[in-house]
Every structure is written in structure tokens, then in C-alpha cells.
Amino acid sequence: MADDLILDVQDVKKAYDGLEVLKGISFGLRKGETKVLIGPSGSGKSTLLRCINHLTVPDAGRIYLNGHEVLDDNIDAMRARMGFVFQDFNLFSHLSVLDNVRICQIKVNGTDKETATQRAKRELERVGLGDKADAYPAELSGGQQQRVSIARALAMDPDVLLFDEPTSALDPELTGEVVRVMQQLATEGMTMVVVTHEMSFARQAADEIIFMENGHIVEQGTPDAMFTDSVHERTRAFLNVIAEHG
Amino acid sequence: MNIFDVLLRDFPFLLKGLGVAIVLLVALLAIGFLLGMAICLLKLYGPKTRLVQWPLVVYERVFRGVPIIIMLFIFFYGLSGIVDISAFTAAILAMGLRSAAYQSQIFRSAFQSVPAGQMMAARAMGMSKAKAIRHIVFPQAARHAIGPWTNEFSSEIKETSLAYVIGVVELTRQAHYIITSTQGNVLTVFAVVALLYFILNRAGNSLLYAFERKLAVPGFEK
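Numbers given for residues are sequential positions, taken from 1 along each chain in its written order. Lettering for chains starts from A, numbering for ligands starts from 1, and both go in the order in which the items are written. A pLDDT threshold of at least 70 governs which residues receive local features in this predicted model, and a stricter bar of 80 or more applies before side-chain atom pairs are shown or counted, although totals over entire chains, interfaces and linings include all residues. Derived side-chain values reflect all non-hydrogen atoms in the structure, with water molecules and hydrogen atoms excluded from consideration.

A. Local environment of the overall build of chain A. In this text, helices come from DSSP runs of H or I with a minimum length of four residues, and strands from runs of E with a minimum of two, each type numbered from the N-terminal end. Regarding its fold elements, chain A presents nine helices and 10 strands. In this description the radius of gyration comes from C-alpha coordinates, and the expected globular size is given by 2.2 Å times residues to the power 0.38. For 246 residues, the compact-globule estimate of 2.2 N^0.38 gives 18 Å, and the C-alpha radius of gyration of chain A, at 18 Å, lies within 12% of that figure. Dimensions of chain A along its principal axes, counting C-alpha atoms only, are 55 × 40 × 35 Å. Residues classed as buried in chain A amount to 56% of the 246 residues present. The contacts of chain A with a sequence gap of at least 6 include a subset with a gap of at least 24, amounting to 66%. Surface exposure of chain A reaches about 10400 Å², of which carbon and sulfur atoms provide 43%. Note on classification: 1.4 Å probe, protein chains only; a residue is buried when its accessible area is under 20% of the maximum for its type, exposed when over 50%, partly exposed between these limits. Pairs of residues are marked as contacts when any of their non-hydrogen atoms sit within 4.5 Å. Each accessible area is a Shrake-Rupley result for a 1.4 Å probe, and residues are judged covered by the shown protein chains and nothing else.

So, in C-alpha cells, the structure goes:
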């Protein structure tokens, strides 16, 4: 294991009812890197992302965060260090925006209310929602909800942020506001793993694109390399389809 | 003395009976709430072993499947042979334990109506299961539960009158005493009693609905 890896995923495998969804995936992330996972539906991208924080428990393989192995015993502490952004936001619907962003600081990290409030307001400003602190999730658009959920993850001061198709549930016009926030985070040096079909984001923000299919990593490389001269026929075909429709 | 003078004179007794009914109601609802919540949490979040789950299923089926009047007889006449138990205690136990079976169902469906993503997001943020239940799932489930719970509240108010059959001196029995002592006037006396039950029911429901409105989440469709 390389010492400077924030996140180190080693040979992760997962099967459902005998169907192998992940057939031994390894990759790593240095501080400040953004890696984008792409691939057709059913290729295992989301399962891989969920295996990283054990929302789905892998059958085999190891995951290290900052050199510490992610295990059942320390899972709550490890998850607190990994932000997770869901496709369908999953904001706590009974809590105001402000409370959504501070509750886990208080209840998980033990931060005092005053500090948590300051931090929450700062993160809401960062995603452009400083004026929505008192609103409730159901009063917000999808794009706004997703930005709150990003603020909620950021407020925990995570080592890495995991995005699971963060714009797939959004109208095209709302996608942009979320993608802009993610691009800004990438520029600011946040460490991120992003599962997405947003090729503009992948092209502009990714340090590396990982193309997955059938539970394997087919190919990985810089956006330039992947978009201009990917080695594998399959990668080219996939990117062409995305380019035509996306 | 006409019946209205009698009613006026004996009204304190009716109020005393109403007081007994209210204490019985509060006690049985409290038992039902605590035990019902415990059953619900064990069912949903407890070990999925038969040793734990089967007794819960049996409990629910028995207490929902036997008429309350039979339960009252069993708890009073049946148990009084074994332990020293007053009619009032027997009524609280029989009705409280039965209410627990119904309340556990109310809570279970309320918890299950909270989308799974809420628990998942809470866990993904590092909350333990217990913290996620307490801070995220429970507050949402509680809001879903108030509506159905008003039904349970209303039916239990009315059923407190059944404690009459094992000799608890609650509102209905006080009314019966007045009828017996005046030899008649069933319609008038029971009309007054009906009105008292009705007022109690409306007052309780109004409070519960006010509570529901107070907890309503802005922008959230019911």
C-alpha cells in the first residue's frame, strides 16, 4: 500500500446470488485527486462506491482510508470521514436545511452547537445556499436539495467525498448548478470519487477516468487520453454513445 | 325529586367516574405506548431470530384476537385466584396489554413509511443504528403515527366503559348507580354520560390534531 494514498481500494469483490457484480477492483486516490467512474448500467460503479463505505459490504478485498482499514468494527468512525452524496439526495426531511447540515457534526463528531452552526452556514454559503438555512427540504428544488446534501457531507470535514450519480435524478437545467459546485470542489482540492454520466464534468474535473464494465476496470487514464485515444474498442464505443445522447 | 335535580345533586359522582375513566385511559395508553414501541422496535430492528420474533407475533395475535371483555374476565377473575389484584389494576393490565398490540402495529407501519434512504443517509454520515433511529427515523415516524394513534385513543376512551363489567367504578358504573337509585331515567342519565364521553373524546382529539399541526414539516405533502 502506497503511503500517500488517502483512499486505497484493493481487490474488492461482490456477488449477489452468485452473480459477480465486482470481480476484483483496485484503485487508489491521492489527496486532492478527483477520479470519475464511468460505464454502462450494471457495470458495478455504484456497487463499488457503496462498498467503499460498506453501505454494501464487500465479499472480499480491503479498503484503506488514510492507512486505516475500513472494518465492521470501526465503520461508523470511518463513514464519518467519508462524505457520501446520493442520487436521490436523502436529506433528512423533518429537519431544516441548517439542521440537516449540522446534526451529524453534533451527534456524530460531538461538535458543540455554536461551532456546528458556524460551519454549517459556511458550507451552505459555499454551495450557494446561504439564504436557505431555514427552509425545509420539501421546499427546495432537486438541484438545491442536492447542493444541501453536498454541504451536509462537507460539514463533516471528510477526507474523501463519494458521489453516487449525483445528477441522475435532476432535470438537465438543474444538473448544471450541481456540476458547478462539484467542479469548484475539485478545483479547491477536495478528494473525490464520482460515479456519473456527466462527461463534461469528467472531462473538465477528473484527474483520472476509470471505465468499468461487467465488474472489471476496462481502462483508466486522464480525460485527454480517454476521450481522444482510448486503447479499448469498448471504451470508445461507450464514449461515442454518451457523446451522441448526452 | 325529578331526575334533573338528582343529576345535579349526583353530578360530582359522575365527574368522579369520569376521573377514574381518565386515569384508566392514561394508564392503559401509557402501557400500550411503551410496550407497543418496544415491540415495534424489536420487530423492525431487533435480532431476526425466531426466539425473539415468534413471541412478538404470538403476543400480537392473541391480544388482537380475543375480545376485550374476555381479557377483562381472565385478568380479574382468573388472576385474582393467583395474585391479589384489584379490578382497577386488572382493567389497566388487560386493556394496556391489548393496546400495546394495536399500538405496535401503528408504530410499525409509521416506521416503515419512513423511506429507507433516510436510515441509509444517517448511517452513511457515521451515525450508529441507534442514533439514526433516535434522531432521524423516530421523529419522522412519530409524525406519521399521530393520525392513526387518534383512532386508538378514541376507541380506548370508549372501551374504558367495559371495565364496568368487572366492577371498576368508572363513569358508566356511576351512571348505573344513579339509574338504580332513581329506578329509571335510563335515557336521560345515559344521554348525559354519552355527552361526557363525547366531550372527552373531542378534547383529546383536538389536542392530538393540534400536536400534529405543530409538528407538521413545511412543504411536506401529507
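Okay, back to it.
B. Quick peek at helix α7 (residues 171-182) of chain B. Residue and element names in this part refer to chain B. Helix span is expected to be 1.5 Å times the residue number reduced by one. Along its 12 residues, α7 runs 17 Å from first to last C-alpha, staying within 8% of the 16 Å computed at 1.5 Å per residue. The opening residue of α7, the one whose side-chain oxygen lies 3.0 Å from the backbone nitrogen of T172, is E170. Immediately beyond the C-terminal end of α7, within one or two residues, lies Q183, with a positive phi of roughly 50°. For this analysis, a polar contact is any N or O atom pair within 3.5 Å, provided that within protein one partner can donate a hydrogen and the other can accept it, and provided that sequence-adjacent residues contribute only side-chain to side-chain pairs.

C. Structural view of the pattern of salt bridges. Residue and element names in this part refer to chain A. One side-chain nitrogen of Lys or Arg within 4 Å of one carboxyl oxygen of Asp or Glu is enough to make a salt bridge. Counted by the stated rule, this structure contains 19 salt bridges over all chains. Of the charged contacts, one joins R119 and D157 as a salt bridge, the two residues approaching to 3.6 Å between their closest N and O atoms. Separated by 38 residues along the polypeptide, R119 in helix α4 (residues 113-126) and D157 in the loop between α5 (142-154) and β7 (160-164) bring together distant segments of the chain. We classify D157 as partly exposed; its relative accessible area is 44%. For E123, the salt bridge is made with R126, and the minimal N-O distance between the two is 3.0 Å. With a gap of three residues between them, E123 and R126 both fall in helix α4, about one helical turn apart.

D. Up close: the pairing of strand β4 (residues 60-65) of chain A. All names here are of chain A. Two strands are counted as paired when DSSP detects at least two bridges linking them. One ladder, built from five bridges, connects strand β1 (residues 5-16) with β4; its direction is antiparallel. Each bridged residue has a counterpart across the sheet, and for V9 the counterpart in β4 is I63. As paired strands, β4 and strand β5 (residues 68-69) are joined by two bridges and run antiparallel to one another. Within β5, the residue paired with Y64 across the bridge is E69. Once β4 ends, the chain turns through two residues before running back antiparallel as β5, passing N66 with a positive phi of about 50°.

E. Main features of the UniProt feature "domain: ABC transmembrane type-1" (unreviewed entry) in chain B. UniProt positions are given in the numbering used here, feature names are shortened, and annotations may be inferred rather than shown by experiment. In this structure's numbering, the residues bearing the UniProt feature "domain: ABC transmembrane type-1" (unreviewed entry) are residues 14-208 of chain B. Across residues 14-208 of chain B, the secondary structure splits into 83% helix and 0% strand, with the terminal C-alpha atoms separated by 25 Å.

F. Region of the structure containing the pairing of strand β2 (residues 19-30) of chain A. Here nine bridges tie β1 of chain A to β2 of chain A, and the two strands are oriented antiparallel to one another. Bridging across to β2 of chain A, K13 of chain A finds its partner in K23 of chain A.

G. Fine view of the sheet that holds β5 of chain A. If you walk across this open sheet you meet the four strands as β2-β1-β4-β5 (chain A), and the pairing is antiparallel. In the strand order of this sheet, the two ends are held by β2 and β5 of chain A, each with one partner.

H. Fine view of the packing of helix α2 (residues 50-65) of chain B against helix α4 (residues 87-112) of chain B. Residue and element names in this part refer to chain B. Orientation is described by lines fitted to C-alpha atoms, with helices fitted over the stretch in contact, and by angles between N-to-C directions that extend from 0 to 180 degrees. Close contact between α2 and α4 brings their axes to 9 Å; oriented N to C, the two are set at 115°. In this structure, the crossing between α2 and α4 has a hand that is left-handed. For the pair formed by α2 and α4, the contact residues are Y59, E60, F63 and R64 on the first element and A94, L97, R98, A100, A101, Y102, S104 and Q105 on the second. Broken down by class, the residue content of the contact of α2 with α4 amounts to seven nonpolar, two polar and three charged. Handedness of a crossing follows from how the near helix is turned relative to the far one, being left-handed for an anticlockwise turn of less than a right angle and right-handed for a clockwise one. Lys, Arg, Asp and Glu make up the charged group, whereas Ala, Val, Leu, Ile, Met, Phe, Trp, Tyr, Cys and Pro make up the nonpolar group; the residues left over, Gly among them, are polar.

I. Structural context of the UniProt feature "transmembrane region" (unreviewed entry) in chain B. Look at the UniProt record and you will see "transmembrane region" (unreviewed entry) annotated at residues 20-42, 62-79 and 177-200 of chain B. Helix makes up 88% of residues 177-200 of chain B and strand 0%, and the two end C-alpha atoms of the span are 21 Å apart.

J. The arrangement of a nonpolar patch on the surface in detail. Only residues above 30% relative accessible area that lack a salt bridge enter a patch, with like-charged residues linked at up to 9 Å and the nonpolar side chains Val, Leu, Ile, Met, Phe, Trp and Tyr linked at up to 5 Å. Taken together, I69, I70, F73, I74 and Y77 of chain B make up a surface patch of nonpolar side chains, about 420 Å² in accessible area. Along the polypeptide, Y77 of chain B turns up in helix α3 (residues 68-80).

K. Quick peek at the interface of chain A and chain B. Each side of the interface is counted separately: chain A has 24 residues, and chain B has 21 residues. For the pairing of chain A and chain B, the buried interface totals around 2000 Å² over both sides, and the portion due to carbon and sulfur atoms is 66%. For the pair chain A and chain B, the interface holds one salt bridge. Counting across the chain A and chain B interface gives seven residue pairs in polar contact (both at pLDDT 80 or more). When residues of the side of chain A that touches chain B are traced back to their parent elements, those giving at least two are α2 (75-80), β6 (82-85) and α3 (97-107) of chain A. Looking at side-chain class alone, the side of chain A that touches chain B contains 14 nonpolar, four polar and six charged residues. Buried area: the accessible area, evaluated with a 1.4 Å probe, that two parts lose upon being put together, summed over both parts.

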